[in-house]
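Observations on the three-dimensional arrangement
As a plain string of letters, each chain reads:
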Amino acid sequence: MTKPRAPRLRRWWLGGAALALLAVAAAGLGYGYYGATGTPGYRTETVVMGNVERKVSAVGTLEPRDYVDVGVQVSGQLKVLNVEIGDEVKAGDLLAETDPTVHQTSVASNRAKLAELTAQRAQVQAELDLAKAQFERTQSLAARNVSTQDALDIARSTVAIAEAKIGVIDAQVQQASAALKAAEANLNYTKIYAPMDGTVVSQSAVKGQTLNANQSAPIIVRVADLKTMTAQAKVVEADVVSLKPRMKAYFSTLGMPDRRWEGTVRQIQPTPEIVNDVVLYKVLVDVSNEDGVLLPSMSAQVSFIEGAVENVPVVPLAALRTGRNGDRFARVATSGGVETRKVEIGFTNRTHAEIKSGLDVGDKVITGMLSPAAADGDASRQGGMMRGGRGPRP
C-alpha cells in the first residue's frame, strides 16, 4: 500500500535539496558581496586637500611670436649665403648676396645719362644767356628807333625758346636722377641684411640658385626670435565663447608632459578654420622661452583657466547626491557602517567639487558599489586565511 507514494517522497526530497543548494549559493554570494565583516563592498575616495580648476582644453602648435621671412627684392643668382639653419644673427648682419653685375651696369648707364643731360643743360643755359643779352640790346635799339620791331620779336622769341629747352632738360635730369637712385637701390638690394636679432629657423634657397623677383617674392631664410613663443591653440566653437583676452592659460608639450608653461591669452582670431565639419578658432598664448627649450612646430596641450580655487578640501562629484530641495549629501564609510552627511560645496568643475562644510580631510566618501565579482574577490583575499585557504603567496 505504501509503494505508490515513493515517487512523491523522492520529489519532495529532491526539491528540498535544491532549495538548500540555492541557499548555500546565495549565502556564498552574499558573503562575497558583503565581505568578511558583513559590510557592503563600496568604492571609496578620500577627502584630500587640493585644487579645483575649471578649464577649456585644446591642442595646438608652437611658433615664434616674432619672425621675418627674408627674401630678395631684385632678381639674380644667389652668389653668397653666410648663414645656416640654427645660426644666431644680429640686426644688420649680412646674410646673403646676389649677383650685382646687371645692377652695376644699370647704375653706370644712368650716371652717364645724367652727366650727358647736365652737359646739355649747361649748353642751353649759355644759349639762354646769349639770347637774353641780344634781346636787351635789341630792345635798347628799338627804344631809339634804331632797330625794327621784327628784330625785337625775334630776340624775345629766342629767349623763350632757350628757357623752354632748359625746362625740358631739367625734367630729363629729374627723370635720370630718379632712375639712378632706383638703380643704386637695386644694387644695394643685392646684399641682404638681417632685419632683426634672432635665429635662422628655415632656409628656402641655396647658393647658386637663380631667384626671380618679378614672378614671386623668393624667400632665402626665416629669422625668428625664439625667446618668446606663441601657442596657437585650436578651440572648438562651443568652448571659444568662454575665452577672453588676458585669460590665464598654461600648456605642456609632448616631450615634457610634466612641465607647465604659463601665459595669458593674447588674441582670439575671429576667422575660423573648418576641419571635417568642425569649426575651430585659433587662440594665441605667449610664453617666455629664455632657456630655448621650446622649438617651432612642437605640439602643445593647452588649458585655459576659467576659474580655480587652491588648497581646499576636494571630493569627486560621484560622491555627492542631491536631495529634493537641492541640498547636497555624501555617504561616508566609517568603522561603524555608512553615515550620510549634508555638505556644502563651493567651486566645481566637471569631475570634482570644493567642500566648504560637512566633510573633513581624510573622510572616506562612497562613490559607488563594487561589482559582486570584485567584492567576492576582495572578500576572498581578506578572509582567505580565515576560511582555511593558503592565502596569497608572498
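Residues numbered from 1 in each chain as written. Predicted model: local features only at pLDDT ≥ 70, side-chain atom pairs only at ≥ 80, totals over all residues. Heavy atoms only, no water.

This part covers the overall build of the protein chain. A count of helical and extended segments in the protein chain gives 5 helices and 19 strands. Expressed as a percentage of its 394 residues, the buried residues of the protein chain come to 29%. Relative to all contacts within the protein chain whose residues are 6 or more apart in sequence, the contacts with residues 24 or more apart total 74%. In the form shown here, the protein chain has an accessible surface area of approximately 24500 Å², with 53% of it arising from carbon and sulfur atoms. (Helix = DSSP H or I, 4+ residues; strand = E, 2+ residues; numbered from the N terminus. Buried < 20%, exposed > 50% of the residue type's maximum accessible area, 1.4 Å probe, protein only. Contact = heavy atoms within 4.5 Å. Areas by Shrake-Rupley, 256 points an atom, 1.4 Å probe, with all protein chains shown as cover.)

Quick look at the packing of helix α2 (residues 101-143) against helix α3 (residues 149-189) now. Close contact between α2 and α3 brings their axes to 8 Å; oriented N to C, the two are set at 165 degrees. The orientation of α2 with respect to α3, classified from their angle, is roughly antiparallel. The way α2 lies across α3 gives a crossing that is left-handed. (Axes fitted to C-alpha atoms, helices over the stretch in contact; angles between N-to-C directions. Parallel < 35°, antiparallel > 145°, perpendicular 65-115°, else oblique. Left-handed = near helix turned anticlockwise from the far one by under 90°.)

Our focus in this paragraph is the pairing of strand β16 (residues 328-334). Examined bridge by bridge, strand β15 (residues 320-322) and β16 share 3 bridges and lie antiparallel to one another. Within the sheet, the bridge partner assigned to L320 lies in β16 and is A330. In sequence, β15 turns back onto β16 through a hairpin of 5 residues, with G326 there showing a positive phi of about 95 degrees. In terms of strand pairing, β16 meets strand β17 (residues 337-348) through 7 bridges, oriented antiparallel. Paired with V332 across the strands is E339, a residue of β17. (Pairing = 2+ DSSP bridges.)

Let us look at the sheet that holds strand β5 (residues 94-98). Whether parallel or antiparallel, the strands of a sheet pair through hydrogen bonds between backbone atoms. Reading across from one edge, β6-β5-β3-β8 is the order of the 4 strands in this open sheet, with antiparallel pairing throughout. This sheet does not close on itself; its edge strands, each paired only once, are β6 (191-193) and β8 (210-211). Alignment of strand β3 (residues 76-81) against β8, held across 2 bridges, turns out to be antiparallel. Considered in β8, the bridge of Q77 is made with T210.

Formed by 23 residues in total, the largest nonpolar core has its most connected members in V235, F251 and F304. Those elements that place two or more of their residues in this core are β2 (48-71), β9 (219-236), β10 (248-253), β11 (261-268), β13 (278-288) and β14 (299-316). Broken down by element, the residue count for this core peaks at 6 residues, all from β9. F251 has contacts with L62, A231, R259, R260, W261, V287, L294, A300, Q301 and V302, leaving out every residue within four places of it along the chain. (Core = buried A, V, L, I, M, F, W, Y, C linked by side-chain atoms within 4.5 Å.)

The next point concerns unusual backbone geometry. Positive phi is not limited to glycine here, since R246 has a value of about 75 degrees. With respect to the secondary-structure elements, R246 resides in the loop between α4 (237-240) and β10. A residue is classified by how much of its surface remains accessible, and R246, at 69% relative accessible area, is exposed.

Attention now moves to the side chain of E63. Position of E63 relative to the elements: it lies in strand β2. No salt bridge is formed by the buried E63. Its closest oppositely charged neighbour is R222, at 4.9 Å. Setting aside chain neighbours within four positions, we find E63 in contact with M229, T230, Q232, P296 and S297. (Lys, Arg positive; Asp, Glu negative; His and termini not counted. Salt bridge = Lys/Arg side-chain N within 4 Å of Asp/Glu carboxyl O.)

Take the pattern of salt bridges next. Applying the stated rule across the entire model yields 12 salt bridges. One salt bridge connects K234 with E273, and the closest N-O pair in it is separated by 3.3 Å. One end of the pair, K234, is in strand β9; the other, E273, is in strand β12 (residues 273-275), and 39 residues separate them in sequence. One salt-bridge network, held together by shared partners, links R65, R266 and D286.

Now for the side chain of T253. Mapping T253 onto the fold places it in strand β10. Within the structure, T253 has its side chain in polar contact with the backbone nitrogen of M256 (distance 3.3 Å). Each residue touching T253, except ones within four places of it in the same chain, is listed here: L62, W261, L294, M298 and S299. (Polar contact = N/O pair within 3.5 Å; in protein donor to acceptor, adjacent residues only side chain to side chain.)

Okay, the packing of aromatic side chains next. Using the criterion set out here, one finds 1 aromatic pair in the structure. Ring centres of F251 and W261 lie 5.8 Å apart, and the angle between their planes is 15 degrees; this geometry places the pair in the stacked category. Within this pair, whereas F251 is found in strand β10, its partner W261 is found in strand β11, the two being separated by 10 residues in sequence. As far as burial versus exposure is concerned, F251 and W261 are alike and both buried. We note R260 situated over the ring of Y250; from NZ or CZ to the ring centre the distance is 3.5 Å. (Phe/Tyr/Trp six-rings, centres within 6.5 Å; stacked < 30°, edge-to-face > 60°. Lys NZ or Arg CZ within 6 Å of the ring centre and 35° of its normal.)

Below, the discussion takes up the pairing of β3. Bridging between β3 and β5 involves 3 bridges; their strand directions are antiparallel. Each residue of the ladder has a partner; that of L78, found in β5, is T98.

Topologically, R331 is positioned in strand β16. The exposure class of R331 is partly exposed, given its relative accessible area of 29%. In this structure the C-alpha to C-alpha distance between R331 and K342, which are 11 residues apart in sequence, comes to 8.9 Å.

A separate point is α2. Because the α-helix completes a turn every 3.6 residues, residues three or four places apart line up on one side. Between the first and last C-alpha of α2 there are 63 Å, a value that for 43 residues agrees with the 63 Å anticipated at 1.5 Å per step. Within α2 the residues assigned to the buried category are H103, V107, N110, L114, L117, V124, L128, A131, F135, T138 and A142. Here the buried face of α2 lies against α3. Where α2 ends, the next residue or the one after it, N145, has phi of about 60 degrees, a positive value. (Expected span 1.5 Å × (residues − 1).)

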